[in-house]
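Secondary and tertiary structure notes
The residues making up each chain are set out below.
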Amino acid sequence: MCGIVGATAQRPVSEILLSGLHSLEYRGYDSAGIALLDDGQLYLSKHQGKVANLEDAINANPSNSHVGIAHTRWATHGVPSSGNAHPHVSHNRVAIVHNGIIENHDALRKELQAQGIEFSSQTDSEVIAHLLYLEVHKGEDLDQALEHVVERLEGAYAIAAIDIAHPERIAAARHGSPLVLGIGFGEYFVASDPLALRQVTNRFIYLEEGDRVSLTPKHYHVWARDGHTVERPIVELKDKLDQASKGDFDHFMLKEIYEQPRVLAETVSYAGLPTVDETIFGDNASAVFDQVEAIQIVACGTSYHAGMVAKYWFEQHLGMPCYVEVASEFRYRARAKRPNTLLLTISQSGETADSLAALRDAAPGEFLASLVIANVDNSALVRESDLVFLTQAGPEIGVASTKAFTTQLVGVLVLLLAFGRRKGLDADVQKQLLQALRSLPDDVAAVLAQRARIEAVSERYIQKHHALFLGRGVYYPIALEGSLKLKEISYIHAEAYPAGELKHGPLALVDEDMPVIAVAPNDELLEKLRSNLEEVRSRGGELYVFAPEEAGFESSDRVHVINMPHCDAITSPITYTVALQLLSYYVAIQKGTDVDKPRNLAKSVTVE
């Protein structure tokens, strides 16, 4: 969500900070700001809107400062404005940037106001700046002051702070929100995402829960939650920076849609098929898998839809109980314990706050073990789970997830194969699944070849404000995912239902202005779905049917058929997803929205 970048160096840092903020723009934000220490003065610049506005202000008044912090804000407390933007300053001496939510901010604000402190923003974060000032004003060292401040905070935070009295130092701390330390030569950095610092280093320390760190150009020092000095491992990243550029595409989202044949193939290859290399999950994965009798999936958003698909697959092919729940609901309810249940979290970023909290809040002995399917190595869920499957999607910059979702589904199928050895997966089904996974990249490429047809259909949505998606069986969660993509990037109100539920309410919405998008593979539920679609036609609805030629649908005045290539039934939910991604993308283009950075949304949801 919000982005943090900090630098202390033996060279000017403003360009480093601005470059870092640009790298974090994909996460979603509404304002940006920077604080620099320069010749005993605190320089502050904050602007609503794009990082480019801040950059223009800095270029108009350049600084040679060697230490500074910067931030992109995604509003949680207080409207988007320059006044609510970070950094927050107290008494023109200390400045802080903060990601997360301070849950006891109201009580702290009242306490500070009673002491005569005046607030200049509506944010929860400003209390941190004033608390820190009171500590350093008493003579506390900046590091000690931050230690005392975080002891009073309830909620989640990643904080970076500077103080005029410590002109080379950055103090930082994390609890519940990600923060990394970047290792340079004669310079050190801090950021909420390593991507913000890849232009200056590829060596990082992933700070643990409760860690604090002190940085100067010459050294860094890390303290654990208990106050003791600790050595954290340095991780060297080897991925290529050009993965985070658009290349010849107009948008990251389109680039990432077109990368799917390659990343799906790489994810399949990573699994070591035809026999699953179970060590990729962890050294003790085989021993854990031998004991698993059921799976509990928790996830959010797109990853939740992947979990819903997983439930269909596990129960259909293995007869294995699989329960799926939205993480934000799962963590706040009393739960019945099921013996030998594997807790499976699914997350693109590996930092999703509710999924991470669900993992941490699990009662001792509630689950046999934990497994995460994630796209980002060294993320919090990856570090804290017992077992890991890393999708090979590479950096996903577009806020609306595409390749991360489809590679998650491949991860689920790899897990299904691993359990299939233990649960009596039919040999013919296993052979079919292996062949389907080998063919999947070509199947997706065939869907991408339908680009022109889907783009032409999208033109009919220019004046539309609502849409209804329908699917049956395993294609119901695919309809949900298609609905989510459309609303995320085109701002069209979209809903998805199991097609059999039409008569139980949604049919009241159908009229000539309501496009109805149907996912219609040629499977055992096709005739049921066909009857549902006739109900739409008879009420004047306009149908957009994604179906293979053998399904027998024909285009007419109110029926638009997008022919899907023939592919294996097991993996076809993935190929239909890609078609719906293209539809959403081109509708958003017709609507003129910001495809890669849709309003109000963030790429990585790191607050509750």
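Residues numbered from 1 in each chain as written. Predicted model: local features only at pLDDT ≥ 70, side-chain atom pairs only at ≥ 80, totals over all residues. Heavy atoms only, no water.

Description of the sheet that holds strand β11 (residues 203-206)
With respect to topology, eight strands assemble into an open sheet ordered β3-β2-β4-β1-β10-β9-β11-β14, the strand pairing being antiparallel. Here the strands that pair on one side only, and so sit at the sheet edges, are β3 (41-48) and β14 (235-236). Here strand β1 (residues 3-8) pairs with strand β10 (residues 188-191) via four bridges, running antiparallel. Among the inter-strand pairings, threonine 8 is bridged to a residue of β10, identified as tyrosine 188. Along the sheet, helix α2 (residues 51-60) contacts β2 (31-38), β3 and β4 (67-73); its crossing angle with β3, the most-contacted strand, is approximately 145°. (Pairing = 2+ DSSP bridges. Helix = DSSP H or I, 4+ residues; strand = E, 2+ residues; numbered from the N terminus. Contact = heavy atoms within 4.5 Å. Axes fitted to C-alpha atoms, helices over the stretch in contact; angles between N-to-C directions.)

Quick notes on the pairing of β2
Buried residues dominate β2, accounting for seven of its eight residues. Here eight bridges tie β2 to β3, and the two strands are oriented antiparallel to one another. Opposite alanine 32, over in β3, you have histidine 47 as the bridge partner. Counting the residues in the hairpin turn of β2 and β3 gives two residues, including aspartate 39, whose phi is positive at 55°. The sheet contact formed by β2 and β4 spans seven bridges and is antiparallel. Among the inter-strand pairings, alanine 35 is bridged to a residue of β4, identified as isoleucine 69. (Buried < 20%, exposed > 50% of the residue type's maximum accessible area, 1.4 Å probe, protein only.)

Notes on the environment of threonine 302
When you line up the elements, threonine 302 lands in helix α9 (residues 301-318). Judged by its relative accessible area of 10%, threonine 302 falls in the buried class. For the pair formed by threonine 302 and aspartate 38, sequence separation is 264 residues and the distance between their alpha carbons is 45 Å. Apart from the residues lying within four places of it in its own chain, the contact partners of threonine 302 are Ser401, Phe405, Glu481, Leu484 and Lys485.

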